[in-house]
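Here are the chains, one letter per residue:
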Amino acid sequence: MNMKEKLWIITEVFSPDQTPTAFILKEISDFLIDSKDIEVICGPINYQKISNHNIYNEISKVKTTRIRSFNLNKNNLILRTLRVTLISIQISLKYLIKSKKNENVLIVTNPAPQLLIFALISKLTKRRITVLVHDVFPENTIPAKIIKNSKSLYYVSLKKIFDYAYSQFDTLIVLGRDMKLILNKKNISSKKIKVIENWADVDNIYPLEPINSPCEKWDISNKVVFLFAGNLGRVQALEELFLVIKKVTNPLIHFVFLGDGALKENLISYKEINHLKNITIGSSFPRSEQCIILNSCHVGMVTLAKGMEGLGVPSKSYNILAAGKPILYFGDENSEISLVIKENNVGWSFNSSASLLDFFNQIDENIFKISTILGQKARNLAESKYSKSIILKKFKEIL
């Protein structure tokens, strides 16, 4: 009887948590479990609120070891930093106790302290470690406005430390071509960097008819609905987007924002203070409702703050495609999602507030037909290039 090769997966979050990282790692591990002996070491459950009725479908088949941690407020930057540092140390110690030197490891870049610790482990023990790069730290702290000066001694020192850490790993899996260019600038060989995009869940998310029916959920009738569903956080350029929406005079369109995050209360206050009746803000939803939610709009919105090019690729983009919806992207013009839109004609890409405002105000009844045509192209693209089976096979080849 042949023994399966061991693969350790190291992460702060894992199924049944509902974050994109937790879900992606669950799907990767479940896909590889027949060919590898997989064990996950992760943080405590309930990092993000989950619906009890949805837990069963999200639980992974692999063996999972969870460490305990302090329940500190993740929306407070200082407390979150302390929390993830402690979790990273605990997870790393657990891994060193349980693992053997010749066993492969897959880690993710979040939380950042975990990346530093495993870079040290790689350097000292020569273990084969692959990194799934979901975030590029500390570069992402600038558009997030966590660090305001990229020339400060603090930032420059952090960058040198993390650039060295990235260089210590055997393989770096990035989410897009723009992210690969960022890592190339860290003097990391292109041979180490592999591009594997996020996937579209084409089996569970698909176009529904009639398109306008679900819009009744928010008492919206005869409107063109633009939907933003996901993290209402610091790097999504949502404050800039709300400034644009405030100036929109077109009565045909309505904006829906669903999710939670650090900026949610600010956005709600801005809506109320400015009496913006063309905006609806709602709560996050379980993954099991994604198909219905994504079909409750005509256009799915994806936004990233200026300077985020190469630092992150929103995974929700691919499920918007799966739902047969065009994407409206607002952010740096050479980011991966912008490139996908332009190359495949599956939506619109804007990198300035002025051009975006002009687009909104010029929309007329033709948008219903246009969004349907672009949506068909979006669905075809999701099936032909970004389906889960296609993307997971790429992971299998590397891991």
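Parameters at a glance
- Residues numbered from 1 in each chain as written.
- Predicted model: local features only at pLDDT ≥ 70, side-chain atom pairs only at ≥ 80, totals over all residues.
- Heavy atoms only, no water.
- Helix = DSSP H or I, 4+ residues; strand = E, 2+ residues; numbered from the N terminus.
- Buried < 20%, exposed > 50% of the residue type's maximum accessible area, 1.4 Å probe, protein only.
- Contact = heavy atoms within 4.5 Å.
- Core = buried A, V, L, I, M, F, W, Y, C linked by side-chain atoms within 4.5 Å.
- Salt bridge = Lys/Arg side-chain N within 4 Å of Asp/Glu carboxyl O.
- Pairing = 2+ DSSP bridges.
- Right-handed = clockwise from strand over helix to strand, strands pointing away.
- Arc of directions from axis to C-beta.
- Axes fitted to C-alpha atoms, helices over the stretch in contact; angles between N-to-C directions.
- Phe/Tyr/Trp six-rings, centres within 6.5 Å; stacked < 30°, edge-to-face > 60°.
- Lys NZ or Arg CZ within 6 Å of the ring centre and 35° of its normal.
- pLDDT = per-residue confidence, 0-100.

### A look at the overall build of the chain
Then, number 1: Per the secondary structure count, the chain includes 14 helices and 13 strands.
Then, number 2: In terms of its C-alpha atoms, the chain occupies a principal-axis envelope of roughly 65 × 55 × 40 Å.
Then, number 3: Within the chain, the fraction of its 399 residues that count as buried is 54%.
Then, number 4: For the chain, the share of sequence-separated contacts (at least 6 apart) that also reach a separation of at least 24 residues comes to 75%.

### Remarks on the environment of P111
Then, number 1: In this fold, P111 is placed in the loop between β4 (104-108) and α4 (112-125).
Then, number 2: In this structure P111 comes out as buried when scored by relative accessible area, which is 1%.
Then, number 3: Sequence separation between P111 and T81 is 30 residues; the distance between their C-alpha atoms is 8.8 Å.
Then, number 4: Apart from residues no more than four positions distant in its own chain, P111 is found in contact with E12, V84 and S88.

### Describing the nonpolar core
Then, number 1: One finds I10, I107, F118, F169 and L321 to be the most contacted residues of the largest nonpolar core, which totals 70 residues.
Then, number 2: Once residues within four sequence positions are removed from consideration, I10 is found in contact with I41, I91, Y95, V105, L106, I107, V108, Q114 and F118.
Then, number 3: Counting 31 residues, the second-largest nonpolar core is a separate cluster that includes V224, L238, L252 and F359.

### A closer look at the pattern of salt bridges
Then, number 1: The full count for this structure, using the stated rule, is 19 salt bridges.
Then, number 2: A salt bridge links K26 to E27; the nearest nitrogen and oxygen atoms lie 2.8 Å apart.
Then, number 3: Using a relative accessible area of 11% as the deciding quantity, one classes E27 as buried.
Then, number 4: Between E139 and K186 there is a salt bridge, and its shortest N-O distance comes to 2.6 Å.

### Let's talk about the pairing of strand β8 (residues 224-229)
Then, number 1: Where burial is concerned, most of β8 is hidden: six out of the six residues are buried.
Then, number 2: By the alternation rule, side chains of β8 split into V224, F226 and F228 and V225, L227 and A229, which are all buried.
Then, number 3: Pairing geometry for β8 and strand β9 (residues 253-258), over six bridges, is parallel. Bridged to F226 within β9 is F255.
Then, number 4: What joins β8 to β9 is helix α7 (residues 238-247), and the crossover it makes is right-handed.

### Quick notes on helix α12 (residues 353-362)
Then, number 1: All of the buried residues along α12 are L356, L357, F359 and F360. When α12 is viewed along its axis, its buried side chains cluster within an angular range of 160° and face the same direction. Exposed positions of α12 whose direction lies more than 90 degrees from the buried face are A354 and Q362.
Then, number 2: Buried positions along α12 lie against β8, α7, β9, β12 (327-330) and β13 (347-350).

### Re the sheet that holds strand β3 (residues 63-66)
Then, number 1: As summarised here, the arrangement of the seven strands in space is β3-β2-β1-β4-β5-β6-β7, forming an open sheet in which the pairing is parallel. The open sheet is flanked by β3 and β7 (193-195), the only strands paired with a single partner. Neighbour-to-neighbour, the strand axes of the sheet open up by a mean angle of 20°, direction not taken into account.
Then, number 2: By the bridge criterion, three bridges tie strand β6 (residues 171-174) to β7 in an arrangement that is parallel. Among the inter-strand pairings, I173 is bridged to a residue of β7, identified as K194.

### What to know about unusual backbone geometry
Then, number 1: In this structure, the amide linkage connecting S15 to the following residue, P16, adopts the cis form with an omega of 15°.
Then, number 2: Inspection of the secondary structure assignment puts P16 in the loop between β1 (5-11) and α1 (20-32).
Then, number 3: Cis rather than trans, the peptide bond between F137 and P138 has omega equal to 5°.
Then, number 4: As for its position among the elements, P138 is in the loop between β5 (129-133) and α5 (153-167).
Then, number 5: The phi torsion at K126 lies on the positive side, around 60°, for a residue other than glycine.
Then, number 6: Mapped onto the elements of the fold, K126 is located in the loop between α4 and β5.
Then, number 7: Even without being glycine, A237 reaches a positive phi, approximately 55°.
Then, number 8: Locating A237 in the fold gives a position in the loop between β8 and α7.
Then, number 9: Residue classification places A237 among the buried positions, given a relative accessible area of 5%.

### Observations concerning the packing of aromatic side chains
Then, number 1: Within the structure shown, the criterion is met by 13 aromatic pairs.
Then, number 2: Centre to centre, the rings of F255 and F360 are 4.9 Å apart; their planes meet at 80°, and the pair counts as edge-to-face. Pair noted here: F255 is in strand β9 and F360 is in helix α12, with a separation of 105 residues, a long-range link. Here F255 matches F360 in class, with each residue buried.
Then, number 3: A connected cluster of aromatic rings, assembled from ring pairs, spans F226, F255, W348, F350, F359 and F360.
Then, number 4: For the cation-ring pair, K6 lies above W8, with the distance from its terminal atom to the ring centre recorded as 4.6 Å.
Then, number 5: Looking at K316, its charged tip hangs above the ring of F228, at a distance of 3.2 Å from the centre.

### So, the confidence of the model for the chain
Then, number 1: Overall, the predicted model of the chain reaches an average pLDDT of 89, with 92% of residues at or above 70.
Then, number 2: Highest mean pLDDT in the chain belongs to β12 (98); lowest belongs to helix α2 (residues 55-58) (44).
Then, number 3: Counting interchain partners and residues more than four positions distant, the pLDDT-below-50 stretch residues 47-57 has 24 contacts.

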